[in-house]
Amino acid sequence: GQQLNQNPQSMFIQEGEDVSMNCTSSSIFNTWLWYKQDPGEGPVLLIALYKAGELTSNGRLTAQFGITRKDSFLNISASIPSDVGIYFCAGRNSGAGSYQLTFGKGTKLSVIP
Amino acid sequence: DTGVSQDPRHKITKRGQNVTFRCDPISEHNRLYWYRQTLGQGPEFLTYFQNEAQLEKSRLLSDRFSAERPKGSFSTLEIQRTEQGDSAMYLCASSSTSGGPGEQFFGPGTRLTVL
């Protein structure tokens, strides 16, 4: 099935550094979401975005809904060891009345203490 | 615990056997979703229920797969005549009409291994 392009695929950073990752699509979405998944667990919702250009924060996390509606960005400031995990973007296009989410392949984040 | 629950968490079966998974959504969530996730990939949509009605099905949901939500609460996903390619994490999610559109909350998943 269709998947979104997430970059980078993986990253190693020092504790305290800021992190940036992005997600792009060939299709327009009207909802973008960011999830974090730990090994053996289900994804946990971090941030939801509903409007092009929207910038939303959740603690140290900030996400943006791209103006073209074909991309989204996630930033993590002052990383800590518990930020380790896989971050997934997901998009939804409700234009056709669909509720399914389309996911990226994830960005694996490793934090070096 | 008021989150989405799934049972079992792990299932090992032999090729050709049938398996059934259960999902209990967040209380009062009327929308329920099933996704499949293979190693190194993001979740892929399988099907969606609103109350007891199955409203969307992915082409990934072959005729060996069937999902039900008979009373609009818990849901079951059955795979008949399992194949090795069915090995994956099966994730259930739920959402409510009063929450943000698209905000789906996931359970811990059922890890299926087909030998």
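Residues numbered from 1 in each chain as written. Chains lettered and ligands numbered in written order. Predicted model: local features only at pLDDT ≥ 70, side-chain atom pairs only at ≥ 80, totals over all residues. Heavy atoms only, no water.

1. A short note on the overall build of chain B
Worth spelling out the cut-off: Helix and strand assignments follow DSSP, with helices taken as H or I runs no shorter than four residues and strands as E runs no shorter than two, numbered in order from the N terminus. With C-alpha atoms as the basis for the radius of gyration, the globule rule is written as 2.2 Å multiplied by the number of residues raised to the power 0.38. Residue exposure (1.4 Å probe, protein chains only): buried if accessible area is under 20% of the type maximum, exposed if over 50%, otherwise partly exposed. Two residues form a contact once any of their heavy atoms are found within 4.5 Å. The method behind every accessible area is Shrake-Rupley, applied with a 1.4 Å probe, and residues are considered shielded solely by the protein chains displayed. Charged residues are defined narrowly, with Lys and Arg counted positive, Asp and Glu counted negative, and His plus the chain ends left uncounted. Throughout, a charge is located at the NZ atom of Lys, the CZ atom of Arg, the CG atom of Asp or the CD atom of Glu.
Helix and strand counts for chain B come out as zero helices and 11 strands. Taken over C-alpha atoms, the radius of gyration comes to 13 Å for chain B, in line with the 13 Å a tight globule of 115 residues would show. Its C-alpha atoms give chain B principal-axis dimensions of roughly 40 × 25 × 25 Å. Among the 115 residues that make up chain B, the fraction classed as buried is 49%. Once local pairs closer than 6 in sequence are excluded, the contacts in chain B between residues at least 24 apart make up 53%. Carbon together with sulfur atoms contributes 44% to the accessible area of chain B, which is approximately 5,700 Å² in total. Mean positive and mean negative side-chain charge positions of chain B (14 and 13 charges, respectively) differ by 6 Å.

2. Quick notes on the sheet that holds strand S7 (residues 61-65) of chain A
Residue and element names in this part refer to chain A. Rules: A strand pair is defined by DSSP finding two or more bridges across the two strands. Geometry is summarised by axes, namely lines fitted to C-alpha atoms with helices restricted to the contacting stretch, and by angles between N-to-C directions that run from 0 to 180 degrees.
Across the sheet, five strands lie side by side as S1-S3-S8-S7-S6; this open sheet has antiparallel pairing. A single partner strand is all that each edge strand has here, and the edge strands are strand S1 (5-7) and strand S6 (55-58). Here the strands of the sheet are splayed against their neighbours by 15° on average, with no regard to which way each runs.

3. A short note on the packing of aromatic side chains
Stated formally: Here is the rule: rings of Phe, Tyr and Trp (six-membered ring for Trp) pair when centre to centre is within 6.5 Å. Planes less than 30 degrees apart are stacked, more than 60 are edge-to-face, and the remainder are tilted.
Under the criterion given, the structure shown has 12 aromatic pairs over all chains. Here Tyr 99 of chain A and Tyr 48 of chain B contribute two aromatic rings whose centre-to-centre distance is 4.9 Å and whose plane-to-plane angle is 35°, an arrangement assigned as tilted. In this pair, Tyr 99 of chain A is assigned in the loop between strand S9 (85-92) and strand S10 (102-103) and Tyr 48 of chain B in strand S5 (residues 44-50), connecting two distinct chains. Classification of Tyr 48 of chain B by relative accessible area gives buried; the value is 1%. Ring centres of Phe 103 of chain A and Tyr 35 of chain B lie 5.8 Å apart, and the angle between their planes is 85°; this geometry places the pair in the edge-to-face category. With Phe 103 of chain A in strand S10 and Tyr 35 of chain B in strand S4 (residues 31-37), this pair bridges two chains.

4. Concerning the sheet that holds strand S1 (residues 5-7) of chain B
Residue and element names in this part refer to chain B. Here we have four strands laid out as an open sheet, ordered S1-S3-S8-S7, and antiparallel in their pairing. Among the strands making up the open sheet, the edge pair consists of S1 and strand S7 (65-68). Along the sheet, successive strands turn relative to each other by an average axial angle of 15°, direction set aside. Sheet topology places S7 next to strand S8 (residues 75-79); four bridges connect them, and they run antiparallel. In the strand pairing of S8, Glu 68 is matched with Thr 76.

5. Comments concerning the environment of Pro 101 of chain B
Tracing the backbone shows Pro 101 of chain B in the loop between strand S9 (88-95) and strand S10 (105-106). Setting aside its immediate chain neighbours within four residues, Pro 101 of chain B contacts Thr 31, Tyr 50 and Arg 92 of chain A.

6. Overview of the interface of chain A and chain B
Reports of interface size often rely on the accessible area that becomes lost once the parts have come together. Selection criterion: Defined here as a combined quantity, buried area equals the accessible surface (1.4 Å probe) lost by two parts on assembly, summed across both. Salt bridges, as used here, are contacts in which a Lys or Arg side-chain nitrogen is within 4 Å of a carboxyl oxygen on Asp or Glu. Within 3.5 Å is the distance limit for a polar contact, defined as a pair of N or O atoms, with the added protein rule that one can donate a hydrogen and the other accept it, and that residues adjacent in sequence qualify only through two side-chain atoms. All residues other than Ala, Val, Leu, Ile, Met, Phe, Trp, Tyr, Cys, Pro, Asp, Glu, Lys and Arg, Gly among them, are scored as polar; the first ten of these are nonpolar and the last four charged.
Between chain A and chain B, the residue contacts involve 23 residues of the former and 25 residues of the latter. Carbon and sulfur atoms make up 50% of the area that chain A and chain B hide from each other, which totals about 1,900 Å². Where chain A packs against chain B, one counts one salt bridge. Connecting chain A to chain B are 10 residue pairs in polar contact (both at pLDDT 80 or more). Contributions of two or more residues to the side of chain A that touches chain B are made by strand S4 (31-37), strand S5 (44-49) and S9 of chain A. For the side of chain A that touches chain B, the leading source of residues is S4 of chain A, giving four residues. Across the side of chain A that touches chain B, the residue classes tally to 10 nonpolar, 10 polar and three charged.

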